[in-house]
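Next come the chains, spelled out residue by residue.
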Amino acid sequence: MSCVPLKRVYKELPVWIVEDHHDVVCHIYRAIASRHLPLKNIKMVHLDSHPDLLIPVNMSADTVFDKDKLFSELSIENWIMPMVYAGHVSCVAWLHPYWAQQIREGEHRMAVGRDSSTTTIRVTSTDNYFLSDGLYVSEEQLENSKPLTLNVVKVNPDKANHRSPTEQKTEDTERWCAKRACTVEDKAGGASCSEHLLTCTDTLQPAEGSNGTSLGDDGGEGSTSYVVKSISSCLSDTEPYILDIDLDFFSCKNPFKELYTQEEYNILKELYNFRGPSPDADQEELDECVDRRVHQLEDLEAAFADLLEDDGEDTVTRWASNPGMASLAQLVSSLKSRNQCPDYEMVHQAGLTCDSVELPHHISTDEEIDRLISAVQLFLKALPKPTLVTMSRSSLDEYCPVEQVDSVQSRVLAVLENLYGALDLHKDYENSSTENQDCQPQAS
């Protein structure tokens, strides 16, 4: 049986570039409204040093059905899951560089729904990424739940940035194979689209003397063939999908490390440390873990809110007497030795990044950036053409180093143009504001 054709196709591949990553949501909604993307079950290939899969903690689940309120609630770390709960996105492949380890490698299946007790959006995944933010609930507690398949896929830099003509021919064959896999109906009723894609990549061999660089490496974790196989379970050649790229995928800073001394950062890690459940935890232990974490974070938020009003000795002593908060006094003393009026709200935000895994920090050399871009080009050649490309610079908040972002952006755009031809390029970050009208998806 042939695959269902797209209702509408862009003449040129649209590429929307924003500064803050959550600003891509409006452009995704526009593509849904114009019927270039389906209303439901959209697939997303998401290249980023951060998963961006958190949830606005106190946002009502019903906010997703009011676009203006939704856009005002979103932030760089939590813009994907509301689209999952709204039913638009059902599969996300998070492609991460080797220095980003926030979620366990492999496939994760979970439900995303409305918590019946709080009316907020919550998930059923027991990965520490979600537990440490207090976002887990049991499936029985969810209403209007939507399934999400999350594939966490490591991407290694290409071993060699310069390939021989023989290797280039192998890559061109790989690209042709992926593009042609589902364009002809399988009259024998045999392999599915994803199976065709797998067959193509499985039969490709590295060019002689190439040391396997045409496929990234020897086929192990992080190689091109590994990436393509990991993604192909949720992508076919005829289904529309979003290619989403954060430029901090190629070079990434933890901007909080420049705001605080190592001593202060160590205290934050102690204060905000997350104590996870045992590997074989039952429902009771999971619930206790989440309750304990939620109370811990609420106490810390309240403490720093108090310190904003009065960071005198009495206030500090009162909060430091709470269990697990003794080092708060040392932290405040250190902060005030450098600045008499510390930004305690920012301190709390920094602390929230210090749980079981630190924010990634890896400022790449120019050669490393080139090798990562080469690796991305290799696996994109073996994947179908995306329907829409969204891109985030992440430079004003310094997650992507400001001195590198323009160069990285230019090189990534060159790769996209080489692969897909002329681009319909929109540099939305150059506008002072983004108009959000006409972004609401319309029912078919």
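Computed from a predicted model, the values in this text were never measured in an experiment.

**Notes on the pattern of salt bridges**
In total, this model carries 16 salt bridges according to the counting rule given. Here Glu358 and Lys257 are joined by a salt bridge, their closest N and O atoms 3.4 Å apart. Taken together, the positions of Glu358 in the loop between helix H12 (344–352) and helix H13 (366–381) and Lys257 in the loop between strand E7 (241–246) and helix H8 (262–271) put the pair 101 residues apart, joining distant regions of the chain. The class for Lys257 is partly exposed, based on a relative accessible area of 36%.

**Some details on the packing of aromatic side chains**
Evaluated as defined, the whole model comprises six aromatic pairs. Geometrically, the ring pair formed by Tyr98 and Trp99 is edge-to-face, given 5.3 Å between the ring centres and 75° between the ring planes. The partly exposed category is assigned to Tyr98, whose relative accessible area is 33%. Between Phe249 and Phe250, the ring centres sit 5.0 Å apart and the planes meet at 80°, which makes this aromatic pair edge-to-face. Over the ring of Tyr429 we find Arg393; its NZ or CZ atom is 4.3 Å from the centre of that ring.

**Things to note about the environment of Leu259**
Inspection of the secondary structure puts Leu259 in the loop between E7 and H8. Each C-alpha atom, one on Leu259 and one on Met346, is 9.5 Å from the other, the two residues being 87 residues apart in sequence. Sequence-distant contacts of Leu259, defined by excluding residues within four places in its chain, comprise Arg338 and Met346.

**Quick word on the packing of H8 against helix H11 (residues 328–338)**
Following both chains from N to C, one finds H8 and H11 inclined at 150°, their axes separated by 10 Å at the closest point. Judged on the interaxial angle alone, H11 and H8 are roughly antiparallel. Between H8 and H11 lies a crossing whose hand is left-handed. Residues Glu263, Glu264, Ile267, Leu268 and Leu271 of H8 pack against Leu328, Gln330, Leu331, Ser334, Leu335 and Arg338 of H11.

**Topic: the nonpolar core**
Side chains of a nonpolar character, in soluble globular proteins, are inclined to be buried together. In terms of nonpolar packing, the biggest core is built from 88 residues, with Ile28, Met81, Leu95, Phe250, Phe379 and Leu416 touching the most fellow members. Tallying contributions element by element places helix H14 (residues 405–420) first for this core, with eight residues. Not counting residues up to four positions away in its chain, the partners in contact with Met81 are Leu53, Leu54, Ile55, Met110, Val112, Val123, Phe130 and Leu148. Counting residues in hydrophobic clusters, the runner-up holds 25 residues, among them Phe256, Phe304, Cys354 and Leu359.

**Observations concerning H11**
Regarding H11, the residues found buried are Leu328, Leu331, Val332, Ser334 and Leu335. Buried residues of H11 fall within an arc of 165° about the axis and therefore sit on the same side. On its buried face, H11 sits against H8, helix H9 (283–309), helix H10 (313–320) and H12.

**Quick look at unusual backbone geometry**
Look at Arg35: it is not a glycine, yet its phi comes out positive at around 70°. By the element assignment, Arg35 lies in the loop between helix H1 (24–33) and strand E2 (42–47). Taking relative accessible area as the criterion, Arg35 reaches 38% and is therefore assigned partly exposed. Backbone geometry at Ser394 places phi at a positive 50°, although glycine is not the residue there. Position of Ser394 relative to the elements: it lies in the loop between strand E8 (388–392) and H14.

**Some details on the environment of Asp246**
Secondary-structure assignment places Asp246 in strand E7. Here the alpha-carbon distance between Asp246 and Thr390, two residues 144 residues apart in the chain, equals 8.4 Å. If we ignore the near neighbours within four places in the chain, the residues touching Asp246 are His21, Leu47, Asp48, Ser392, Arg393 and Ser394. A distance of 3.0 Å separates the side chain of Asp246 from the side chain of His21, its partner in a polar contact.

Reading guide: rules and limits
Residues numbered from 1 in each chain as written. Predicted model: local features only at pLDDT ≥ 70, side-chain atom pairs only at ≥ 80, totals over all residues. Heavy atoms only, no water. Salt bridge = Lys/Arg side-chain N within 4 Å of Asp/Glu carboxyl O. Helix = DSSP H or I, 4+ residues; strand = E, 2+ residues; numbered from the N terminus. Buried < 20%, exposed > 50% of the residue type's maximum accessible area, 1.4 Å probe, protein only. Phe/Tyr/Trp six-rings, centres within 6.5 Å; stacked < 30°, edge-to-face > 60°. Lys NZ or Arg CZ within 6 Å of the ring centre and 35° of its normal. Contact = heavy atoms within 4.5 Å. Axes fitted to C-alpha atoms, helices over the stretch in contact; angles between N-to-C directions. Parallel < 35°, antiparallel > 145°, perpendicular 65-115°, else oblique. Left-handed = near helix turned anticlockwise from the far one by under 90°. Core = buried A, V, L, I, M, F, W, Y, C linked by side-chain atoms within 4.5 Å. Arc of directions from axis to C-beta. Polar contact = N/O pair within 3.5 Å; in protein donor to acceptor, adjacent residues only side chain to side chain.

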